[in-house]
Amino acid sequence: MSEEQESVSFEEAMRQLEELVEKLETGEVPLEKAIQYYQEGMKLSKVCNEKLSTVEKQMHQILNEHGEFEAFDVQEEE
């Protein structure tokens, strides 16, 4: 992920992705712009997927070997 992509929150990436989808769904976007929006959307989708994967890994680490819950920290990406 680029530094710019790492700095965006999951929620912000989703918001941007939803905006792009809305623009594309109008059907009034020139082809060149539609391709650009699609590429941006794919990058945002990748950012969201990577952030979700990170959270999933953190959730798997909640349980220790004995099946007991352990304290864990979810750190905001800076």
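Quick caveat: nothing in here was measured; it's all calculated off a predicted structure.

> Explanation requested: the pattern of salt bridges in the structure shown.
Two side chains carrying opposite charge are able to pair once their charged atoms lie near each other. Within the structure shown, the criterion is met by three salt bridges. Ionic pairing is found between Arg15 and Glu12, a salt bridge with its closest N-O pair at 2.4 Å. Residue Arg15 and its partner Glu12 are located together in helix 2 (residues 10–25), separated by three residues, close to a single helical turn. The class for Arg15 is partly exposed, based on a relative accessible area of 36%. Taken together, the shared-partner salt bridges connect Glu12, Arg15 and Glu19 into one network.

> Can you walk me through the nonpolar core in this structure?
One recurring pattern in soluble globular proteins: nonpolar side chains tend to sit buried together. Residues Val8, Ala13, Leu17, Leu20, Tyr37, Leu44, Val47 and Cys48 constitute the largest nonpolar core, which totals eight residues. Elements with a minimum of two residues in this core: helix 2 and helix 3 (31–60). Tallying contributions element by element places helix 3 first for this core, with four residues. The residues touching Leu44, leaving out its near neighbours within four places in the chain, are Ala13, Gln16, Leu17 and Leu20.

> When you look at the packing of helix 2 against helix 3 in this model, what are you seeing that I'm missing?
Each packed pair of helices is defined by two parameters, the angle between the axes and the distance between the axes. Following both chains from N to C, one finds helix 2 and helix 3 inclined at 150°, their axes separated by 9 Å at the closest point. Classified by the angle between their axes, helix 2 and helix 3 sit roughly antiparallel to one another. Considering how the two elements wind past one another, helix 2 and helix 3 form a crossing that is left-handed. Side by side, helix 2 and helix 3 meet where Phe10, Ala13, Met14, Gln16, Leu17, Leu20, Lys23 and Leu24 of the first sit next to Ala34, Tyr37, Tyr38, Glu40, Gly41, Leu44, Ser45, Val47, Cys48, Lys51 and Leu52 of the second.

> Explanation requested: the confidence of the model for the chain in the structure shown.
Parts of the model with low pLDDT should not have their predicted coordinates read in detail. Confidence in the prediction for the chain averages 83 pLDDT; 71% of positions are at 70 or higher. Within the chain, helix 2 carries the highest mean pLDDT (95), whereas helix 1 (residues 3–7) carries the lowest (66).

Reading the values: rules and limits
- Residues numbered from 1 in each chain as written.
- Predicted model: local features only at pLDDT ≥ 70, side-chain atom pairs only at ≥ 80, totals over all residues.
- Heavy atoms only, no water.
- Salt bridge = Lys/Arg side-chain N within 4 Å of Asp/Glu carboxyl O.
- Helix = DSSP H or I, 4+ residues; strand = E, 2+ residues; numbered from the N terminus.
- Buried < 20%, exposed > 50% of the residue type's maximum accessible area, 1.4 Å probe, protein only.
- Core = buried A, V, L, I, M, F, W, Y, C linked by side-chain atoms within 4.5 Å.
- Contact = heavy atoms within 4.5 Å.
- Axes fitted to C-alpha atoms, helices over the stretch in contact; angles between N-to-C directions.
- Parallel < 35°, antiparallel > 145°, perpendicular 65-115°, else oblique.
- Left-handed = near helix turned anticlockwise from the far one by under 90°.
- pLDDT = per-residue confidence, 0-100.

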